[in-house]
Amino acid sequence: MRLLQEHKIDFIDPSELLRPETSFADKCLSKFRDYTIDAADPLKERVRLTYRQMHLNQTVDFVKNRHKKWLKFNTLRATVREALEKLNYLVDESDPDIDLPNIVHAFQAAERAREEFPQFDWLHLTALVHDLGKIMAFYDEPQWAVVGDTFPVGCAWSDSIVYRKHSFQGNPDAENPQYNGKYGMYSPQCGIDNLLMSWGHDEYMYQVLKHNKTKLPDIACKIIRFHSFYPWHTGGDYQHLATTEDEETKKWVSIFNRYDLYTKSEKVPDIDALWTYYQNLIDKYLPGVLEF
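Quick caveat: nothing in here was measured; it's all calculated off a predicted structure. (Residues numbered from 1 in each chain as written. Predicted model: local features only at pLDDT ≥ 70, side-chain atom pairs only at ≥ 80, totals over all residues. Heavy atoms only, no water.)

Looking now at the side chain of H201. Summarising the element assignment, H201 is placed in helix 8 (residues 201-211). There is a polar contact of 3.3 Å between the side chain of H201 and the side chain of D202. Apart from residues lying up to four places away in sequence, H201 is in contact with H130, D131, G133, K134, M136, V146, V147, G148, H227 and S228. (Helix = DSSP H or I, 4+ residues; strand = E, 2+ residues; numbered from the N terminus. Polar contact = N/O pair within 3.5 Å; in protein donor to acceptor, adjacent residues only side chain to side chain. Contact = heavy atoms within 4.5 Å.)

Right, dumping it as C-alpha cells:
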C-alpha cells in the first residue's frame, strides 16, 4: 500500500530535527543491547534463556498456530488506557537495558517522539502503544512468544540475529529444506509485508490495530509491525526479500528505533500528568473499547 504523502519524510532534514542520541541517552550508546553471555549475571542470563526458548520454538507451524489462536480477537475487550495500565505489571524478560514496568518505557518513547516531531501527533501515539501487544503475556503466552527481536520464519536465519550461533540448535525448521534455504518459502523481493514473522507483540498489535480499524496512518502500523525486526532495519539482512518500497518503512522504523531504544533509563516520566494529552490522541486515532 502506498504511504500517504503527508507522512513521507523525504522533505525532512534529520540533521535539523533529530537530536543526537547521546543528548538524551543515559549511558554510552555502545552499552545498549548488550547481549554478551555471562551466566553469573542474572539479568544477562534471563535474557539469554528467553531468546534460547524463542529460537528453539519459533517455527512456521508454531507461528501459524499463534495466528489461529490470537487473531480471533476474543481474548480481551479494553480501552487503550486499560490495556496500557496492565503493562504496569510487566517487565520484559528479553530486555538487557531496562528492568522497569513496560508502561514506563511506553511513555519514555512517546515523549521523545513528541519532543523531536511535535507536528506528527500520530507518531507520539505510535510510540505510546508500540509494545501494547505484550498484554499477551497476561493470558498464558510465554514471554519468548511475546517479547524480543523478531525475524522471518520459513527461511534461513540471518547472522545478525541475537545469539544466532548456538541459540537455534534443535529448531525443527533447520532440518526442513523448504524452510532452511536463503529464500526458503519466499520469492526474491517479495516484500517484508509478505513475510511470516516470528510470533510476538509486534505482529499481534499490528493485527489488533487493523482489526479495530484504527485511524492511525498505515506507516504507523508498519512501524509497530517491524520495530523489533532488528536483523533487517539495523543489521542490514533480508534485503533479498525486501522491495524498494520497503525503504520508506525502514526510514520511519529507524527513526522510531531511537525512541524505542535510547530512551530506556531509570528516569520515570510523570505518567499521571501526561494522560490528558495522550488520551486526546487515543480518542482521535484509536477510540473506545478495542477487541484484543
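As a further point, take the packing of helix 5 (residues 102-116) against helix 12 (residues 271-285). It is at 12 Å that the axes of helix 5 and helix 12 come closest, and there the two elements cross at 55°. As far as their axial angle goes, helix 12 and helix 5 are oblique. The handedness of the crossing between helix 5 and helix 12 comes out as left-handed. When helix 5 is examined against helix 12, the residues I103, V104, F107, A110, E111 and R114 are found in contact with a partner set consisting of I271, L274, W275, Y277 and Y278. (Axes fitted to C-alpha atoms, helices over the stretch in contact; angles between N-to-C directions. Parallel < 35°, antiparallel > 145°, perpendicular 65-115°, else oblique. Left-handed = near helix turned anticlockwise from the far one by under 90°.)

This next bit is on the packing of aromatic side chains. Within the structure shown, the criterion is met by 20 aromatic pairs. A centroid spacing of 4.2 Å and a plane angle of 20° characterise the contact between W157 and F168, whose relative ring orientation is stacked. Within this pair, whereas W157 is found in the loop between helix 6 (121-129) and helix 7 (164-167), its partner F168 is found in the loop between helix 7 and helix 8, the two being separated by 11 residues in sequence. The pair W157 / F168 is uniform in exposure class, with both members buried. Feature note: the residues F107, W275, Y277 and Y278 constitute an aromatic cluster, connected by ring pairs. Directly above the aromatic system of F138 lies the positively charged group of K86, at a separation of 5.6 Å from the ring centroid. (Phe/Tyr/Trp six-rings, centres within 6.5 Å; stacked < 30°, edge-to-face > 60°. Buried < 20%, exposed > 50% of the residue type's maximum accessible area, 1.4 Å probe, protein only. Lys NZ or Arg CZ within 6 Å of the ring centre and 35° of its normal.)

This next bit is on the state of the cysteines. Working definition of a disulfide: a covalent bond connecting the sulfur atoms of two cysteines. Applying the stated rule across the entire model yields 0 disulfides. You can see C190 has no disulfide; the closest cysteine sulfur is in C155, sitting 8.5 Å from it. (Disulfide = S-S within 2.5 Å.)

UniProt records the feature "binding site: Fe cation" (unreviewed entry) at H105, H130, D131, H201, H227 and D260, using the numbering of this structure. Of note, H105 is situated in helix 5. A relative accessible area of 3% means that H105 is categorised as buried. Locating D131 in the fold gives a position in the loop between helix 6 and helix 7. Look past the residues within four positions of D131 in its chain and what remains in contact with it is L87, N102, H105, H201 and H227. (UniProt positions renumbered as here; feature names shortened; annotations may be inferred.)

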